[in-house]
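# Geometric and topological summary
The lines below spell out each chain.
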Amino acid sequence: MRDFVSKLAFILVLAIVWELIRLTGRYPALLFPGIGSIASALWMERVDLIGRTLFSLRIIGIGLVTAVSLAMLATFMSFGGKIFAEVISDLMAIMHPLPGIAILPVAILWFGIGVRAILFVIVFSALWPLINHFYTGFRSIPINQLEVGRNLGLTGWELALKVMLPASFPHILSGLRTGWARAWQASVAAELVFGAAGGQGGLGWYLYKKRFMMETPGVFAGMLIIVLIGIGVEYLIFAGIENRTVRKWKTIIN
Amino acid sequence: MFCIKRQRVVALLLLAVLVAASFISGCGQKTVQENQTANDDEQLMTIRVAKQFGLVYAPLMVAEKIDFFSKYGLKVEWLTLGSGGAVREAMASNELDAAFMGIPPYLIGWDKGLPAKIAAGYCVIPVSLVTYDENINTLEDFKAEHKIALPSPGSIQHILLSMALEKQLGDPNALDDNLVALPHPDGAQAMLAKKDVVAHFTTPPYLFEELEQPGYKVVLDGFDAFGQDFNFNVALVTESYHDSNPLGYAAFVQGLNDAMNWVNENKEETAKLLAPEFQIDEEKLLKYLTAEGVNYTTAPYGLMGFADFMQKAGYISKVPGSLSEIAWENILAQVGKREGGPCTLETIQWSK
């Protein structure tokens, strides 16, 4: 509760500072809209915003599920054989530093203009940090835990599910966190750079349109939604998973 | 426990104050810098102008190459910005003194309080919707799967399409879900590859290049959509520059006139000068520069014609009460104010 109060206080202070800067009149309203006009933009655009948000969440969901499955597959494969491990770690070294948005031109060439290109960018952005975390997670399983598991007669899937997964879960969780953040960034960035095809577009396309219509309060409203979803997913989903798993199992200290 | 929380709140407060302070001090530094540049260039006035690419900017490119401004004591600082949206934002934040944009994007800015007015008309140039699909001959033939490329929402191409849609189908937003926002070169590339899009609302040289291909045709002509001629772009000068630097303003307008006139008088030399810039051969460029409908002029055409439609369709919230709300005095003097009913120049500011 106190945590919540301190966060609320921070947001309130930020809002007050924002309004004070605006009231000095140093910046035109076109660049620095008031809190009131942002709130009214949020309310007026609620139907459009909800639609755009759902669209964004849907393609990010599809992208993330694909990326997680691919990352799991790659991780298992790299434990299956030395050649796979080398190939995947080389691929990681090449691809991980490449920002997802940088492959947008290639994505458009391969998949055309539309949702599939954006989906490709999302999967690409999320995949490498996911593999990185998963791989580190599995590699950092203490050998003695594995031995204990084997001594108890666990093999194959049982060993993976009951020993390896809990032991590596902190890494998996932080991989998911990074993957989610990267996917979210990629979807907004891709739509902001090249717009969207037709009526299909998420929050990035919303920001793009508002920018071209010079509706600055609308741009801030869209940004606010993006931030709120980020906070919501962190506190409702990831914190929940954390409390129910690694905190309960006491695999992490704090 | 409580102690820690309080420390955190204090830390957050400090952070907020820091952010605010950096905003305000950043602003202070800027004014100091501005004063310095003003002192440095006391002999020569300067104006910061956004540069863009396209056949319509030929006079501007010539003006930069031959320098039509220094004889009036003006130095032009050319800036290149990514898109029309960025140009407008730069004007609003006083990073630019002058820029060129279509009348609809300007009206959107004007409606939101962009402190700039029209200093000159800038060319009358054909702008058309092109397709290669043999089944598409009118706007009614577009189906849900037919994608139309145009530069951005709120661009002159978008508004012309909406105007035609309202006239022909009764719904200005009928094809909104078909639109793809693509810069002109990317749109042209998609059209020539016959990939992703079936139609492209564009301007020369892209328009001419597409129409040179067999089977590519015009579905909608911009002048038909508007009802008569209109300036493809207008030259805008910010209020602060116009008010604080009247000599610089006059020099900019006159230099623009000189450049425009030079292009009209010397189209062959213009083609020679700009062919490397456009990366096409001289003859082709000359053909484009002399194509039917191309008119390099600073006269105002159709300045008021987009506003009524844009307000009705919800793109802007208000309509300029008179030309003086959107244009500087040299334009107002050109158009004039005939007693007892409008003159020709006044009537051509409206759409039909």
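Residues numbered from 1 in each chain as written. Chains lettered and ligands numbered in written order. Predicted model: local features only at pLDDT ≥ 70, side-chain atom pairs only at ≥ 80, totals over all residues.

### Let's talk about the overall build of chain B
In terms of helices and strands, chain B carries 15 helices and 10 strands. Buried residues in chain B amount to 45% of all 352 residues. Considering only residue pairs separated by 6 or more positions, chain B has 78% of its internal contacts joining residues 24 or more positions apart. (Helix = DSSP H or I, 4+ residues; strand = E, 2+ residues; numbered from the N terminus. Buried ≥ 20, exposed ≤ 12 C-beta atoms within 10 Å, placed from the backbone. Contact = placed C-beta atoms within 7 Å.)

### Some words on the overall build of chain A
Check the secondary structure of chain A and you find 11 helices and zero strands. Each helix and strand of chain A, ordered N terminal to C terminal, gives the series α-α-α-α-α-α-α-α-α-α-α. Across the 254 residues that make up chain A, the buried fraction comes to 34%. Of the contacts made within chain A by residues no fewer than 6 positions apart, 71% connect residues no fewer than 24 positions apart.

### So, the pairing of strand S8 (residues 199-202) of chain B
Residue and element names in this part refer to chain B. Residues of S8 alternate between two faces, with Ala199 and Phe201 on one and His200 and Thr202 on the opposite face, all of them buried. As defined by bridge partners, strand S5 (residues 128-131) adjoins S8 across four bridges and the pair is classed as antiparallel. Counted as the bridge partner of Ser128 is Thr202 from S8. (Pairing = 2+ DSSP bridges.)

### Comments concerning the packing of helix H8 (residues 156-194) of chain A against helix H10 (residues 216-244) of chain A
Residues and elements named next belong to chain A. One way to put it is that H8 packs onto H10 with a least axis distance of 11 Å and a crossing angle of 165°. When the axes of H8 and H10 are compared, the pair comes out roughly antiparallel. Relative to H10, the crossing made by H8 is right-handed. Seen from H8, the contacting residues are Leu173, Arg177, Trp180, Trp184 and Val188; seen from H10, they are Ile226, Gly230, Val233, Phe238, Ile241 and Glu242. Classifying every residue of the contact of H8 with H10 gives eight nonpolar, one polar and two charged. (Axes fitted to C-alpha atoms, helices over the stretch in contact; angles between N-to-C directions. Parallel < 35°, antiparallel > 145°, perpendicular 65-115°, else oblique. Left-handed = near helix turned anticlockwise from the far one by under 90°. Nonpolar A, V, L, I, M, F, W, Y, C, P; charged D, E, K, R; others polar.)

### Here we look at helix H3 (residues 84-92) of chain B
With seven of nine residues buried, H3(B) is to be regarded as a mostly interior element. Restricting attention to buried positions, one finds in H3(B) the residues B:Gly84, B:Gly85, B:Val87, B:Arg88, B:Glu89, B:Met91 and B:Ala92. Looking at the buried residues of H3(B), the elements they touch are helix H9 (203-212) of chain A together with strand S1 (45-51), strand S3 (98-101), helix H4 (103-111), strand S4 (116-122) and strand S10 (233-238) of chain B. Downstream of H3(B) by one or two residues, B:Asn94 has phi in the positive range, about 65°.

### What to know about the nonpolar core
Grouped together as the largest cluster of nonpolar side chains are 157 residues, with contacts concentrated most on A:Val121, A:Ile122, B:Ala99, B:Ile118, B:Ala235, B:Leu236 and B:Phe252. The greatest single-element share of this core, amounting to 15 residues, is contributed by helix H6 (residues 115-139) of chain A. (Core = buried A, V, L, I, M, F, W, Y, C linked by C-beta atoms within 7 Å.)

### A closer look at the packing of H9(A) against H10(A)
Residue and element names in this part refer to chain A. Across the interface, H9 lies against H10 with an axial gap of 8 Å and an inter-helix angle of 165°. Accordingly, the angle class assigned to the pair H9 and H10 is roughly antiparallel. Here the hand of the crossing between H9 and H10 comes out left-handed. Between H9 and H10, the residues in contact are Leu203, Tyr206, Leu207, Lys210 and Arg211 and Gly218, Val219, Gly222, Ile225 and Ile226, respectively. A class-by-class count of the residues in the contact of H9 with H10 yields six nonpolar, two polar and two charged.

### Regarding the sheet that holds strand S6 (residues 148-150) of chain B
Residues and elements named next belong to chain B. Here we have five strands laid out as an open sheet, ordered S7-S6-S8-S5-S9, and mixed in their pairing. Looking at the sheet topology across the chains shown, the edges are occupied by strand S7 (179-181) and strand S9 (217-221). This sheet shows a mean twist of 30° between the axes of neighbouring strands, independent of strand direction. Packed onto the sheet, helix H6 (residues 184-192) meets S5, S6 and S8 and runs at close to 150° relative to S8.

### Comments concerning the pairing of S10(B)
Residue and element names in this part refer to chain B. Extensive coverage of S10 is indicated by the burial of six of its six residues. Neither face of S10 is exposed, since Asn233, Ala235 and Val237 on one face and Val234, Leu236 and Thr238 on the opposite face are all buried. As paired elements, S3 and S10 share four bridges and run antiparallel to each other. Paired with Ala99 across the two strands is Leu236, which belongs to S10. Relative to S10, S4 is paired through six bridges, and the arrangement is antiparallel. Bridge pairing in S10 links Ile118 to Leu236.

Geometry only, nothing functional implied.
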